[in-house]
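# Inside the fold
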Amino acid sequence: MSGSTDASARRYQGRGIGELKTVGPRTAVRLPGADAATLLPHPHRVHTSVLKEFFAINGPAPDTRPQDFEPALRPRDITVIANFVTLALRNDLPGLDRYDAAVIWEKWRQSVAAIRERLRVADRERHAPRASDELLTRTWVVREDLVASIATPGQVSQRYCPWKADFFTYERLHPEAV
């Protein structure tokens, strides 16, 4: 693969994930935008470096050990990180097995819905522990799936979909064509 037909040069066109609305105080951390966002080649390292930036600014989350590098995240921070992951997946998924990409996108779509629900009831000015836990848990799953798909294409979809014929619709396998 090379040139403009390279899968990594296209954005994943999956649907169902709107950008989370940013509310509350601004965050000092600036993450890459739509063109540069990526979790690859090492999803866990990239995510850890993002968390360390928030940790440096916000300090540790209440009731955590500082060596865990779990930062105190306000709703605005959670929104910024979730939007970054969405943009990164749009850039990263075209280069993966299309079945795995469909599963990862669906898991992240469900994750954003759960995070949105947690943020709905969070205090906009303070650390949002439930939304933060939801974000960290859900991004862990997505990162693990990215690593698995890179190592063994097809593994993520094989584990996720014993009912493949119903899940893998044309729209999920070819979001760019719909």
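Definitions and limits used
- Residues numbered from 1 in each chain as written.
- Predicted model: local features only at pLDDT ≥ 70, side-chain atom pairs only at ≥ 80, totals over all residues.
- Heavy atoms only, no water.
- Core = buried A, V, L, I, M, F, W, Y, C linked by side-chain atoms within 4.5 Å.
- Buried < 20%, exposed > 50% of the residue type's maximum accessible area, 1.4 Å probe, protein only.
- Helix = DSSP H or I, 4+ residues; strand = E, 2+ residues; numbered from the N terminus.
- Contact = heavy atoms within 4.5 Å.
- Phe/Tyr/Trp six-rings, centres within 6.5 Å; stacked < 30°, edge-to-face > 60°.
- Salt bridge = Lys/Arg side-chain N within 4 Å of Asp/Glu carboxyl O.
- Axes fitted to C-alpha atoms, helices over the stretch in contact; angles between N-to-C directions.
- Parallel < 35°, antiparallel > 145°, perpendicular 65-115°, else oblique.
- Left-handed = near helix turned anticlockwise from the far one by under 90°.
- Nonpolar A, V, L, I, M, F, W, Y, C, P; charged D, E, K, R; others polar.
- pLDDT = per-residue confidence, 0-100.

### So, the nonpolar core
Leu-89, Leu-93 and Trp-108 are the most contacted members of the largest nonpolar core, which totals 43 residues. Elements that contribute at least two residues to this core include exactly helix H1 (43-58), helix H2 (75-92), helix H3 (98-120) and helix H4 (129-151). Ranked by the residues each element gives to this core, the list is headed by H3, at nine residues. Setting aside anything within four residues of it in sequence, one finds Leu-89 in contact with Tyr-12, Pro-94, Ile-104, Trp-105, Trp-108, Val-142 and Leu-146.

### Some details on the side chain of Ser-132
Considering the arrangement of structural elements, one finds Ser-132 in helix H4. With sequence-adjacent residues up to four places away left out, Ser-132 is seen in contact with Glu-70, Pro-71, Leu-73, Ile-78 and His-127.

### What about the packing of aromatic side chains?
Counting across every chain of the model gives one aromatic pair. Arranged with centres 5.4 Å apart and planes meeting at 50 degrees, the rings of Tyr-12 and Trp-105 form a pair that is tilted. Taken together, the residues span a long stretch of sequence, with Tyr-12 in the segment before H1 and Trp-105 in helix H3 at a distance of 93 residues. With respect to class, Tyr-12 is no different from Trp-105; both count as buried.

### Focus on the pattern of salt bridges
According to the stated counting rule, one finds seven salt bridges in the structure shown. Note that Asp-77 and Arg-74 form a salt bridge whose closest N and O atoms lie 3.5 Å from each other. The class of Asp-77 is buried, set by a relative accessible area of 0%.

### Considerations on unusual backbone geometry
Residue Leu-40 is joined to Pro-41 through a cis peptide bond whose omega torsion reads 10 degrees. Mapped onto the secondary structure, Pro-41 falls in the segment before H1.

### Regarding the environment of Glu-171
By secondary structure assignment, the location of Glu-171 is in helix H7 (residues 170-173). Judged by its relative accessible area of 39%, Glu-171 falls in the partly exposed class. With 158 residues separating them in the primary sequence, Glu-171 and Gln-13 have C-alpha atoms 9.6 Å apart.

### Remarks on the packing of H2 against H4
Where H2 contacts H4, the two axes come as close as 10 Å, and the packing angle between them is 15 degrees. If you check the angle between H2 and H4, you find them roughly parallel. Along this stretch, H2 crosses H4, giving a crossing that reads as left-handed. Here Ile-78, Ile-81, Ala-82, Val-85 and Leu-89 of H2 lie close against H4, whose contacting residues are Ala-131, Ser-132, Leu-135, Thr-139, Val-142 and Leu-146. Of the residues assigned to the contact of H2 with H4, the class counts are nine nonpolar, two polar and no charged.

### Details of the confidence of the model for the protein
Looking at the protein, the pLDDT average stands at 84 and 87% of residues meet or exceed 70. Taken as a whole, residues 1-5 scores under 50 in pLDDT and shows three contacts with residues more than four places along the chain or in a different chain.

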